[in-house]
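# Results of the structural survey
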Amino acid sequence: MSKLAFIFPGQGAQKAGMGKDFYENSEAARSFFDQAQKILDFDLKEMCFGEHEELNLTEYTQPCMVSVCLAIVQELKKRGINPDITAGLSLGEYAAVAAAGGMKELDAIKLVRRRGILMQSTVPAGEGAMAAVLGLDAKKIEEILESFENVWIANYNCPGQIVITGLTNEVQQASLALKEAGAKRVVELKVSGPFHSLLLKPAGEALLKEMESMSFSTLQVPYVANATAEIVTDSKKISTFFAKGIYSSVRWQQSIETMLENGVDTFVEIGPGKTLAGFMRKIAPKATVYNVSSFEDAIALEKCLSKA
């Protein structure tokens, strides 16, 4: 039986103007944006719809991205498009849990606002770095990183693309070693910290403490956790996975493979950009992948699924 997954991108996919056409054309999305605006301590709509450099700061990127993704979900569900399972890359995991019914959507936005602040403040700017390693086997990368105390794998994105993270000087040294080992390219990423490294563990622990007062709902559909690539059906596990996700590797390739093994053959990437669709072409080129980043995309998706 065919199964459909909602998948959500992470930090880095944000762009000026994201979500604006949904606000202008979708009553459901507009209502959601207005509600989200009220619970945040900055102008969400101006930040998303205008052009602001602050959009690329972690503490703003995170609530903006999750708000846009969940606003799009409102329109899709209004059109009768619902997932059988969800997953999100890093930050996208919060949208995935909310879309799966595991937490109130506005709570997800408030939580990632706090998450962004914690991540931004844990490691001083300039002390951490990340780099994408292209064209080298994951096992080879793991072997080489054993020689470095403060460098880890941040993301298993897809075959041929692994992201490393850690202290700036050690990431630079590891990049040289990986090039010597045969990597086609090692590209430094424009990020504000060493995300998904053990250097961020204090942020994860702080977030876990803050989630003690939060309530999670029974999941209406399962989601796949980044840290382990396992299917989660028990909402009691959500807070632990959220906390661990800050300082653990994102097993995105493995997450997609888990869904494929469980009968998912159609993936809908929700949010700005087509990063996840690009990964999908390398992980599962035969899978059906749609992207919904504009209101027209939502209309087109409804038509495509009605014909399927």
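Now for a quick tour of the structure.

Criteria and thresholds
- Residues numbered from 1 in each chain as written.
- Predicted model: local features only at pLDDT ≥ 70, side-chain atom pairs only at ≥ 80, totals over all residues.
- Heavy atoms only, no water.
- Helix = DSSP H or I, 4+ residues; strand = E, 2+ residues; numbered from the N terminus.
- Rg over C-alpha atoms; globule rule 2.2 N^0.38 Å.
- Buried < 20%, exposed > 50% of the residue type's maximum accessible area, 1.4 Å probe, protein only.
- Contact = heavy atoms within 4.5 Å.
- Areas by Shrake-Rupley, 256 points an atom, 1.4 Å probe, with all protein chains shown as cover.
- Lys, Arg positive; Asp, Glu negative; His and termini not counted.
- Charge placed at Lys NZ, Arg CZ, Asp CG, Glu CD.
- Pairing = 2+ DSSP bridges.
- Core = buried A, V, L, I, M, F, W, Y, C linked by side-chain atoms within 4.5 Å.
- Right-handed = clockwise from strand over helix to strand, strands pointing away.

On to the overall build of the protein chain, then. On a plain count of helices and strands, the protein chain comes out with 13 helices and 10 strands. Its C-alpha atoms give the protein chain a radius of gyration of 18 Å, near enough to 19 Å, the size a compact globule of 308 residues would have. In terms of its C-alpha atoms, the protein chain occupies a principal-axis envelope of roughly 55 × 45 × 40 Å. For the protein chain, buried positions account for 55% of its 308 residues. Across the protein chain, every contact between residues at least 6 apart in sequence was considered, and the portion connecting residues at least 24 apart equals 73%. As presented, the protein chain carries roughly 13,500 Å² of accessible surface, and 47% of it is formed by carbon and sulfur atoms. Looking at the protein chain, you have 32 positive and 37 negative side-chain charges, and the mean spots of the two groups are 4 Å apart.

Ordered in space as β8-β7-β2-β1-β9-β10, the six strands form an open sheet in which the pairing is mixed. The outermost strands of the open sheet, each flanked by one partner alone, are β8 (231–232) and β10 (288–292). Note: strand β1 (residues 3–8) against strand β9 (residues 264–270), five bridges, orientation parallel. Opposite Ala5, over in β9, you have Phe267 as the bridge partner.

Tracing the chain through its elements places Gly271 in the loop between β9 and α12 (275–283). Those residues within four positions of Gly271 in sequence are excluded, and the remaining contacts are Pro9, Cys69, Ile72, Asn291, Val292 and Ser293.

On to the nonpolar core. Among the nonpolar cores identified, the biggest contains 75 residues, and Phe8, Leu76 and Phe242 are the most heavily contacted of them. In terms of residues, this core owes the most to one element, helix α4 (residues 58–78), which gives 11 residues. Every residue in contact with Phe242, bar those within four places of it in the chain, is listed here: Glu93, Tyr94, Val97, Met103, Leu111, Leu207, Met211 and Phe216. Listed in part, the 19 residues of the second largest apolar core include Ala5, Ala87, Val224 and Trp252.

A few words now on the pairing of β10. Pairing between β9 and β10: five bridges, direction parallel. Following the sheet pairing, Ile270 is matched in β10 by Val292. Handedness of the crossover joining β9 and β10 through α12: right-handed.

Glancing now at the side chain of Arg115. Locating Arg115 in the fold gives a position in helix α6 (residues 105–122). Setting aside anything within four residues of it in sequence, one finds Arg115 in contact with Gln62, Ser90, Leu91, Tyr94, His196, Leu207 and Ile246.

That's the geometry; what it means functionally is another story.
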